[in-house]
Amino acid sequence: MAETTYDLVIIGGGPGGYNAAIRAGQLGLKAACVEGRGTLGGTCLNVGCMPSKALLHASELYAAAQGEFATLGIDVSPKLNLPQMMKQKAESVAQLTKGVEFLFKKNKVDWIKGWGRIGGTGKVEVKAEDGSTTTLEAKNIVIATGSEPAPLPGVEVDQQRIVDSTGALSLPEVPKHLVVIGAGVIGLELGSVWKRLGAKVTVVEFLDRITPGLDNELAKTLQRTLTKQGFEFRLGMKVTGAQAGKKSVTLSMEPVAGGAADELEADYVLLAIGRRPYTKDLGLESVGIETDKRGFIAADHWKTSAPGVWAIGDVTLGPMLAHKAEEEAVACIETIAGKAGHVNYGIIPGVIYTAPEVASVGKTEEELKAEGRAYRAGKFPFTANSRAKINHETEGFVKVLADAATDEVLGVHMIGPAVSEMIGEYCVAMEFRAASEDVARTCHPHPTRSEALRQAAMGVEGWTMQA
Ligand code: FAD
Ligand code: NAI
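This write-up is about the structure you can find in this document.

**Concerning the site of ligand 2**
Here comes step 1: The environment of ligand 2 is formed by 22 residues, the closest being Ile 186, Glu 189, Glu 205, Gly 274 and Val 351.
Here comes step 2: One nitrogen or oxygen atom from the side chain of Glu 205 is found 2.6 Å from an oxygen atom belonging to ligand 2.
Here comes step 3: In this structure, an oxygen atom belonging to ligand 2 sits 3.1 Å away from a main-chain N or O atom of Met 320.
Here comes step 4: If you tally residues by element for the shell around ligand 2, the top one is helix 7 (residues 185–196), at three residues.

Take a look at the structure:
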């Protein structure tokens, strides 16, 4: 008979759930992870971070082969093989989800296949695909059920003509005209994929700016760059409905500030206006857990209001990011195991994988101004970085914000080549509460784009040099 008593049962097998399960196994806790999707890895591995990055990588090379290669003296005539591009994406995703399965086995975590529901204190009922139900008993339950795309009344996602991010990762053809609703991370990343593959892309955004929450200077630079690439932005527009036909969609909208209504014709519409926590049929009421009005589960150091029930990842407040879920997973399990779990919520980086990439960590200038905190800024453009210059990728800059009195680095915002790979340097610096001078006086290899990080720090004290 299958074992049904555990130290810990985790509901959800995404970055929150699977990292929690693996850490529990490593610490010698008897752990089970309940996941109803056919594969482990959650949104991130199956229909989020990983497939989107696979398509971003492939489409960026395709676009380079069409343009930049010729500048470098490489003449090619690329031809798009969309089925192969999708196949390699699916293969990479399968390898990754299998990798999590392997780690479960290695760390003696049981994957209980099915949908979990809390059935009172210390109980999780799991409904398998064949309809059978098992009850698991556990001292601790961790909710890691993640999130789902937010709906928009009047715009019904059919995954044919009107798609969400999952549909947009698997379109059967390159749209002639893709209209994206929402100028956030998903809209700009997946819009970039299809733009590079040949679609006309129009982004309709409710606000009068793109990427709310991002440092204003970065957002403006990103919008200018994407516009140069051919993106069209309709800012300050409220979508009032979408009518899908067999081969096209008519999108109606009106200016938020008032004025004449307008329509857009597209062959595909991507709805990407945010995500909402997923707690459907979770049995929260059986242990007295309430969600806030947006559906999030409140948790204090990952502890919910119900004894022995914990919550991590997208289903709780904070940035909906895989690495935030991972951090919380480890800290939550270490706390359950009697150790000192810790997450530094002030140092969770955010990246937008457009070209150029955008990467941020810590406070924005707008936040520092609102707090009335005195700061100094150092900025360095990639046009002055020798490696970026020889690579013909000079768009963007690095900006470092440091406390005016102590020089502690408070925020770093960059747009440019490979910044997703470089932001980690400032995360480490900030974890050690480095001053901008610490970075400015650290030797960086030449010629690398990372010198721009140092030069921006030097800029805080005004001694930036040309690379
Ligand atoms: P999820 O990954 O959503 O996992 C939750 C899992 O729980 C799911 O597999 C679900 O099937 C399962 N589940 C739910 N209810 C039950 C139940 N009752 N019983 C059993 N199982 C259940 N973040 C980044 O940091 N970087 C990126 O580049 C990035 N790109 C993204 C691109 C896209 C297109 C999308 C949609 C998201 C992206 N994200 C990215 C966000 C990232 O995917 C999420 O922040 C992350 O997956 C959250 O992890 P989680 O474990 O909280 O939830
Ligand atoms: P988002 O919150 O990034 O952006 C949504 C955008 O839609 C905002 O600009 C918002 O103002 C706009 N909007 C909201 N309602 C609207 C309406 N009715 N009409 C028009 N515009 C409207 O959400 P998105 O892009 O859906 O992504 C969801 C989550 O997934 C994000 O929280 C993000 O953290 C995560 N994600 C992270 C990625 C990364 O780390 N690179 C990549 C993709 C997703």
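**Focus: the packing of aromatic side chains**
Think of a pair of aromatic rings as described by two things: how far the centres are apart, and how the planes are tilted against each other in angle.
Here comes step 1: For the structure on display, the rule yields one aromatic pair.
Here comes step 2: With a centroid separation of 5.8 Å and 15° between ring planes, the pair formed by Phe 231 and Phe 233 is classed as stacked. As far as the burial class goes, Phe 231 and Phe 233 line up, both buried.
Here comes step 3: The side chain of Lys 113 reaches across the aromatic face of Trp 111, ending 4.5 Å from its centre.
Here comes step 4: Sitting over the face of the ring of Tyr 268, Arg 161 holds its NZ or CZ atom 4.5 Å from the ring centroid.

**Structural notes on the pattern of salt bridges**
Here comes step 1: What the rule picks out here adds up to 24 salt bridges.
Here comes step 2: In this structure, Glu 461 and Arg 376 form a salt bridge, with 3.7 Å as the shortest nitrogen-oxygen distance. Here Glu 461, found in the segment after helix 14 (451–460), pairs with Arg 376, found in strand 20 (residues 375–381); they are 85 residues apart in sequence, far enough to count as distant.
Here comes step 3: Under the relative-accessibility criterion, Arg 376 is labelled partly exposed at 31%.
Here comes step 4: The residue Glu 408 makes a salt bridge to Arg 433 at a minimum N-O spacing of 2.9 Å. A residue pair is termed long-range when its members are at least 10 positions apart, and Glu 408 in the loop between strand 21 (397–403) and strand 22 (409–416) and Arg 433 in the loop between helix 12 (419–431) and helix 13 (436–440) qualify at 25 residues.
Here comes step 5: A relative accessible area of 59% places Arg 433 in the exposed class.
Here comes step 6: Three or more residues are tied together by salt bridges with common partners; here these are Asp 215, Glu 217, Glu 365, Lys 379 and Lys 399.

**Digging into the pairing of strand 19 (residues 357–362)**
Here comes step 1: With respect to burial, strand 19 is a largely interior element, five of its six residues being buried.
Here comes step 2: Pairing geometry for strand 18 (residues 350–352) and strand 19, over three bridges, is antiparallel. Directly across from Gly 350, in strand 19, lies its bridge partner Ser 360.
Here comes step 3: With antiparallel pairing between neighbouring strands as the criterion, strand 18 and strand 19 make up a hairpin whose turn holds four residues.

Each value, and the rule that gives it
Throughout, a residue's number is its position along its own chain's written sequence, starting from 1. Written order determines the labels here, with chains lettered from A and ligands numbered from 1. Where totals are concerned, whole chains, interfaces and linings use all residues; where local detail is concerned, this predicted model gives features only for residues with pLDDT of at least 70, and gives and counts side-chain atom pairs only at 80 or more. Hydrogens are left out, water is left out, and the side-chain values use all remaining heavy atoms of the structure. Nearness is defined per residue: one heavy atom within 4 Å of the molecule or strand is enough. Any pair of N or O atoms that falls within 3.5 Å is considered a polar contact. Within protein, one atom must be able to donate a hydrogen and the other to accept it, and sequence-neighbouring residues count only if both atoms are side-chain atoms. Note on conventions: DSSP H or I runs of at least 4 residues are helices, E runs of at least 2 residues are strands, and numbering of each starts at the N terminus. Put simply, two rings from Phe, Tyr or Trp (the six-membered ring, in Trp's case) pair if the centres are within 6.5 Å, and we call them stacked under 30 degrees between planes, edge-to-face over 60, tilted for the rest. For every residue, the accessible area (1.4 Å probe, protein chains only) is compared with the maximum for its type, and the residue is labelled buried under 20%, exposed over 50%, or partly exposed between those bounds. The criterion is that NZ of a Lys, or CZ of an Arg, lies within 6 Å of the ring centre and within 35 degrees of the ring normal, and then a charge sits over that ring. Whenever Lys or Arg places a side-chain nitrogen within 4 Å of a carboxyl oxygen from Asp or Glu, that contact is recorded as a salt bridge. In this scheme, strands are said to pair when DSSP sees at least two bridges between them.

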